Amino acid sequence: MSDRREAEVRRLLEAPPHPRVPEDLLPRAVARGGRRLRHARAVRRTGWLLLTAAGVAFVVWASAAEPWAPPPSGTTPVVEGF
């Protein structure tokens, strides 16, 4: 069992080292994260703007069309008592 452990340790020690991390990785990651945040913020603002515009359009339509009022009748009621 110790031979297996020793072989595993030797394999790990003889393995090539991990690849080096590019030196400009951090600035690139920060810039990319900033772009993603700005993009998400723009999408969110556009969504709120469209939702607000749809709400205003609905209020204007509802105030002009008055959908809560009963529709006008097709015939006039019979007038009695004249």
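What comes next is a walk through the structure.

## Some remarks on helix 2 (residues 25–65)
Thought 1: A rise of 1.5 Å per residue sets the reference length of helix 2, with its 41 residues, at 60 Å; its end C-alpha atoms lie 59 Å apart and thus fit the reference within 8%.
Thought 2: At the C-terminal side of helix 2, Glu66 shows a positive phi close to 45 degrees.

## Overview of the packing of aromatic side chains
Thought 1: Across all of its chains, the model carries one aromatic pair by this definition.
Thought 2: Taking the centre distance of 5.8 Å and the plane angle of 40 degrees together, the rings of Phe58 and Trp61 count as tilted. Taken together, the positions of Phe58 and Trp61, both in helix 2 and three residues apart, correspond to about one turn of that helix.
Thought 3: Trp61 gets classed as partly exposed once you look at its relative accessible area, which sits at 46%.

## Some thoughts on unusual backbone geometry
Thought 1: The residue Glu66 is not glycine, and still its phi comes out positive at about 45 degrees.
Thought 2: One can find Glu66 in the segment after helix 2.
Thought 3: With relative accessibility at 41%, the residue Glu66 sits in the partly exposed group.

## Some remarks on the environment of Trp68
Thought 1: Here Trp68 shows up in the segment after helix 2.
Thought 2: Sequence separation of Trp68 and Arg32 is 36 residues, and the distance between their C-alpha atoms is 51 Å.
Thought 3: Ignoring any residue separated from it by four or fewer positions in sequence, one finds Trp68 in contact with Ala62 and Ser63.

## Digging into the environment of Glu14
Thought 1: When you line up the elements, Glu14 lands in helix 1 (residues 2–14).
Thought 2: Distance in space between the C-alpha atoms of Glu14 and Ala62 is 77 Å, their sequence separation being 48 residues.

## Structural notes on the pattern of salt bridges
Thought 1: Enumeration over the complete set of coordinates arrives at three salt bridges.
Thought 2: We note a salt bridge from Arg10 to Glu6, for which the minimum N-O separation is 2.9 Å. Within this pair, Arg10 and its partner Glu6 are both found in helix 1, separated by four residues, close to a single helical turn.
Thought 3: Here Glu6 falls in the partly exposed class, since its relative accessible area comes to 42%.
Thought 4: A salt bridge links Asp24 to Arg28, with the shortest nitrogen-to-oxygen separation between them at 3.5 Å.
Thought 5: Taking the relative accessible area as the measure of exposure, Asp24 reaches 40% and is therefore partly exposed.

Cut-off values and rules
Residues numbered from 1 in each chain as written. Predicted model: local features only at pLDDT ≥ 70, side-chain atom pairs only at ≥ 80, totals over all residues. Heavy atoms only, no water. Helix = DSSP H or I, 4+ residues; strand = E, 2+ residues; numbered from the N terminus. Expected span 1.5 Å × (residues − 1). Phe/Tyr/Trp six-rings, centres within 6.5 Å; stacked < 30°, edge-to-face > 60°. Buried < 20%, exposed > 50% of the residue type's maximum accessible area, 1.4 Å probe, protein only. Contact = heavy atoms within 4.5 Å. Salt bridge = Lys/Arg side-chain N within 4 Å of Asp/Glu carboxyl O.

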